[in-house]
Amino acid sequence: MDFLEEFDFHLPEEQIARFPAKNRDESRLLLVDQSKESFWEAPHFRNIGQWLLPGDVLVFNDTKVSYRRVFLQVESGRIHESIFLETVDDSSFVWTCILKNRAKLKLGDILCPVGFPNFQFRYDGKEEELSLLVSDKEISDSDFEIFGTIPIPPYLKRKVIEEDKIRYQTIFAKKSGSVAAPTAGLHFTDTLKEELVKQGIEFLPVNLQVGYGTFRPLTAEQWQTKTLHKEKYEITEETANRLNRAKKEGRRIIAIGTTSLRVLETVFDSQQQKYKVGLGQTDIFLSPGDNIKSVQGLITNFHLPKSSLLLLVSAFANSRLVMNVYRYALQNHFRFYSYGDSMFLF
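This is a predicted model, so every value here is computed, not measured.

Draft legend 1. Seen up close, the overall build of the chain. The helix and strand inventory of the chain stands at 8 helices and 19 strands. Expected size for 346 residues packed as a compact globule is a radius of gyration near 20 Å; at 21 Å, the chain falls within 12% of this value. Dimensions of the chain along its principal axes, counting C-alpha atoms only, are 65 × 45 × 45 Å. Burial statistics for the chain: of 346 residues in total, 56% are counted as buried. Summarising the internal contacts of the chain: among those between residues at least 6 apart in sequence, 71% fall at separations of at least 24. Across the chain, the 44 positively charged side chains and the 46 negatively charged ones have centroids separated by 2 Å.

This is the structure we're talking about:
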């Protein structure tokens, strides 16, 4: 699609980070100064405190990745890999799923998680690229932890290993419901957080349940309507009050990741210059030309070409600067995507 050509680039396979760095805070870090349109490299992410100021507020997404990747088996023994996305009602019986090889299924076919015949799902048809599975009982996140596994991104092109269960969760992970990690948060360790708090940095939570749409290619319709896939969000009264106090005092609000930024931009009232308490769904689509007013800084990873996440970063900074940063990262062998390196734009 021509409208995305500016945000396209070739990424060598070897620069896709298929495994995390040995330690979370050892990833590389690029600093991007918007006002000077300049950027430079720090030794490691753990050095980020040198560019943070006492009073800065770091806003993190406290979502937890659910074990929603499930290998389902039909009576004949054939296996269908699936990712359970969300329920279509409040009862947790009917689920929308990404379901591989669904063309081989007939309406009414029964599928069970491999090794767990006491859980049954009936194939109930499709809705565009998604499939409907109906459970014979209510399914909770604790059930998924019994028969599912953590859904690492498809571009890693490998099987889940034990290390992923720890490393594909952030230290902030608290509320289950996401099928992908808010990856900017993966660079933080408890030790680094404690050091930053001692430095006078404040940490505040928001929640966005990350959906599978984060991996989907953008469509012309999304570009034209300026809407994305809907994701559930929450910002508590305490977080909103503390953000409003920081805003009034002229302190910087810095989003840890694009998911946190989507929440903040959704609830920020630019006329009143206030963050509102909120619980709902957001389909906000931020792209170059949008004036982001809810934050003064963004910590993020290096994203897929032509993706909504790359467009969001290009809305926060300017697209020319962002693509120059990406060219530098490509030429200097930075690691890309979920387990990759990071940048701090301010």
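On we go.
Draft legend 2. View of the sheet that holds strand 18 (residues 297–301). Here we have 9 strands laid out as an open sheet, ordered 2-1-19-18-14-3-12-13-17, and mixed in their pairing. Each edge of the open sheet carries a strand with a single partner, namely strand 2 (38–42) and strand 17 (278–284). Across the sheet, the mean angle separating the axes of adjacent strands is 25° when strand polarity is ignored. As paired elements, strand 3 (residues 57–61) and strand 14 (residues 253–256) share 3 bridges and run parallel to each other. Its bridge partner being in strand 14, Val59 is matched across the sheet by Ala255.

Draft legend 3. A look at the pairing of strand 18. Counting buried positions along strand 18 yields 5 of 5 residues, so the element is predominantly enclosed. Going residue by residue along strand 18, you find Gly297, Ile299 and Asn301 tucked away on one face and Leu298 and Thr300 tucked away on the opposite face as well. Here strand 14 runs beside strand 18; their pairing, made up of 3 bridges, is parallel. Residue pairing in the sheet places Ile254 in a bridge with Gly297 of strand 18.

Draft legend 4. How the structure looks around the packing of aromatic side chains. Overall, the coordinates contain 26 aromatic pairs when judged by the stated rule. Ring centres of Phe302 and Tyr326 lie 5.4 Å apart, and the angle between their planes is 70°; on these two criteria the pair is classed as edge-to-face. Residue Phe302 is located in the loop between strand 18 and helix 7 (308–316), and its partner Tyr326 is located in helix 8 (residues 319–331); the two are separated by 24 residues in the primary sequence. Each member of the pair Phe302 and Tyr326 is classed as buried. Taken together through their ring pairs, the aromatic side chains of Phe9, Phe39, Tyr155, Phe302, Tyr326, Tyr328, Phe334, Phe336 and Tyr337 make up a single cluster. We note Arg158 situated over the ring of Phe19; from NZ or CZ to the ring centre the distance is 4.1 Å.

Draft legend 5. Spatial organisation of the packing of helix 7 against helix 8. Running from N to C, helix 7 and helix 8 point in directions that differ by 120°, and their axes come no closer than 7 Å. Compared by their axis directions, helix 7 and helix 8 come out oblique. Crossing handedness for the pair helix 7 and helix 8: right-handed. Contacts between helix 7 and helix 8 involve Leu310, Val313 and Ser314 from the first element and Ser319, Val322, Met323 and Tyr326 from the second. Grouping the amino acids of the contact of helix 7 with helix 8 by side-chain chemistry returns 5 nonpolar, 2 polar and no charged.

Draft legend 6. Broad picture of the pairing of strand 1 (residues 29–33). Summarising burial for strand 1: 5 of the 5 residues are buried, a large majority. What you see with strand 1 is no split at all: Leu29, Leu31 and Asp33 on one side and Leu30 and Val32 on the other are buried throughout. Between strand 1 and strand 2, which pair antiparallel in sequence order, lie 4 residues; one of them, Glu37, sits at a positive phi of approximately 50°. Bridging between strand 1 and strand 19 (residues 342–345) involves 4 bridges; their strand directions are parallel. Within strand 19, the residue paired with Leu31 across the bridge is Phe344.

Draft legend 7. Up close: the sheet that holds strand 10 (residues 130–135). In spatial order, the strands read 5-6-7-10-9-8; together these 6 strands close into a barrel with antiparallel pairing. Each adjacent strand pair in this sheet contributes to an overall mean axis angle of 50°, direction not counted. Relative to strand 9 (residues 121–127), strand 8 (residues 110–113) runs antiparallel, the two being bridged by 2 bridges. Considered in strand 9, the bridge of Leu111 is made with Phe121.

Draft legend 8. Fine view of the packing of helix 6 (residues 258–267) against helix 7. Two elements in contact, helix 6 and helix 7, have axes separated by 11 Å at closest approach and are oriented at 60°. As summarised for this structure, helix 6 and helix 7 are arranged oblique, according to the angle between their axes. Our pair here, helix 6 against helix 7, has a crossing hand that is left-handed. Side by side, helix 6 and helix 7 meet where Thr258, Leu261 and Arg262 of the first sit next to Leu309, Leu312 and Val313 of the second. Taken together, the residues that form the contact of helix 6 with helix 7 break down as 4 nonpolar, 1 polar and 1 charged.

What counts and how
Residues numbered from 1 in each chain as written. Predicted model: local features only at pLDDT ≥ 70, side-chain atom pairs only at ≥ 80, totals over all residues. Heavy atoms only, no water. Helix = DSSP H or I, 4+ residues; strand = E, 2+ residues; numbered from the N terminus. Rg over C-alpha atoms; globule rule 2.2 N^0.38 Å. Buried < 20%, exposed > 50% of the residue type's maximum accessible area, 1.4 Å probe, protein only. Contact = heavy atoms within 4.5 Å. Lys, Arg positive; Asp, Glu negative; His and termini not counted. Charge placed at Lys NZ, Arg CZ, Asp CG, Glu CD. Pairing = 2+ DSSP bridges. Axes fitted to C-alpha atoms, helices over the stretch in contact; angles between N-to-C directions. Phe/Tyr/Trp six-rings, centres within 6.5 Å; stacked < 30°, edge-to-face > 60°. Lys NZ or Arg CZ within 6 Å of the ring centre and 35° of its normal. Parallel < 35°, antiparallel > 145°, perpendicular 65-115°, else oblique. Left-handed = near helix turned anticlockwise from the far one by under 90°. Nonpolar A, V, L, I, M, F, W, Y, C, P; charged D, E, K, R; others polar.

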